[in-house]
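Spelled out from the first residue to the last, the chains are:
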Amino acid sequence: MTRRVVLLFLAAFLLIGGAGQAQAAGYRYWSFWDRDGGSWTYATQGPSLTRPSDGDVQGFRFSVSENSDDAAQPRGTADFASICARTPAEDGSKRVALVLDFGTASDAPSGENPPAPRTACARVSPDATTADALAAVAGPLRYDTNALLCAITGYPKAGCGDQVSGKEQPAATAKTQDDDGPSVGLYAGIALVAVLAGAATWQARRRRNATD
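Here is a short report on the structure shown in this document. (Residues numbered from 1 in each chain as written. Predicted model: local features only at pLDDT ≥ 70, side-chain atom pairs only at ≥ 80, totals over all residues. Heavy atoms only, no water.)

Time to look at the nonpolar core. One finds Trp30, Phe60, Leu98, Leu100, Leu134 and Ile152 to be the most contacted residues of the largest nonpolar core, which totals 19 residues. Breaking this core down by element, the ones donating at least two residues are β1 (26-36), β3 (57-65), β4 (94-101), β5 (118-124) and α3 (130-138). For Ile152, the residues in contact, after removing those within four places along its chain, are Trp30, Phe60, Leu100, Phe102, Leu134, Ala138, Pro140 and Leu141. In this structure, Val57, Ile83, Cys84 and Cys121 belong to the second largest nonpolar core, which totals 12 residues. (Core = buried A, V, L, I, M, F, W, Y, C linked by side-chain atoms within 4.5 Å. Buried < 20%, exposed > 50% of the residue type's maximum accessible area, 1.4 Å probe, protein only. Helix = DSSP H or I, 4+ residues; strand = E, 2+ residues; numbered from the N terminus. Contact = heavy atoms within 4.5 Å.)

In structure tokens, the structure reads:
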């Protein structure tokens, strides 16, 4: 096998390894959820655009995930009657039940510990957004320049939607990505190795024939 073929083999294996690492990337952020009956639904609008009705239940979960398909849902009680039991209805206002899940230790940025999950009932004006309700009961909030929610009650202290390498991701998230199957780059790398193997075999046979 020539030196050139050896180098091509090495490049192919690096391609396979790089594809696996790229596939494992995720993001650490607050996801926003609507309670639909007995289950959570990933919100289609951000909290600053959503205008909940009186009696709605909405949730926030801090976690590491690749996208909305594998995002972790809020944990804990999500019943409006129990969350807002001590907040009676009043004319000229609405009540929104909020479930705040700060995630697990494996979701937390380095050096930080997540607060315990909790619920809150926000009484706000009829035209208030979810962001208004959240600010009323869970400040301070932190947003980035694109209005992305970065922190609730000051958690986390820094960062906003930061990319997380595969080594830092929680095991459950990494498993979800593994279940998605190999990436296109991985298949391309395998195909390249197969082609190079054939080329190496052809060269070896050519040399043998030349010496016969």
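One number sums up the size of the largest pocket: a volume of about 220 Å³. Lining the largest pocket are 14 residues, with Phe32, Gly46, Pro47, Leu148 and Leu149 positioned closest to its centre. Sorting elements by how many residues they give to the lining of the largest pocket places β1 first, with four residues. A class-by-class count of the residues in the lining of the largest pocket yields 10 nonpolar, four polar and no charged. (1 Å grid on protein atoms, 1.4 Å probe; cavity = no way out; pocket = protein on both sides within 12 Å on 5 of 7 lines; lining within 4 Å. Points joined across faces, edges and corners; volume = space filled by probe spheres on them. Nonpolar A, V, L, I, M, F, W, Y, C, P; charged D, E, K, R; others polar.)

With that out of the way, let us pick up the environment of Ala89. Here Ala89 lies in the loop between α2 (80-83) and β4. The class of Ala89 is exposed, set by a relative accessible area of 56%. Sequence-wise, Ala89 and Gly55 are 34 residues apart; in three dimensions their C-alpha atoms are separated by 9.7 Å.

This brings us to the state of the cysteines. One pass over the structure, following the stated rule, counts two disulfides. One disulfide in the model links Cys84 with Cys121; its S-S distance is 2.0 Å. Taking the sign of the S-S torsion, about 100° here, the bridge from Cys84 to Cys121 comes out right-handed. With Cys84 in the loop between α2 and β4 and Cys121 in strand β5, this pair connects stretches of sequence that are 37 residues apart. Here Cys150 engages in a disulfide with Cys160; their sulfurs sit 2.0 Å apart. Because the sign of the S-S torsion sets the handedness, a value of about -75° for the bond joining Cys150 and Cys160 places this disulfide among the left-handed ones. Within this pair, whereas Cys150 is found in strand β7 (residues 149-151), its partner Cys160 is found in the loop between β7 and β8 (162-164), the two being separated by 10 residues in sequence. (Disulfide = S-S within 2.5 Å.)

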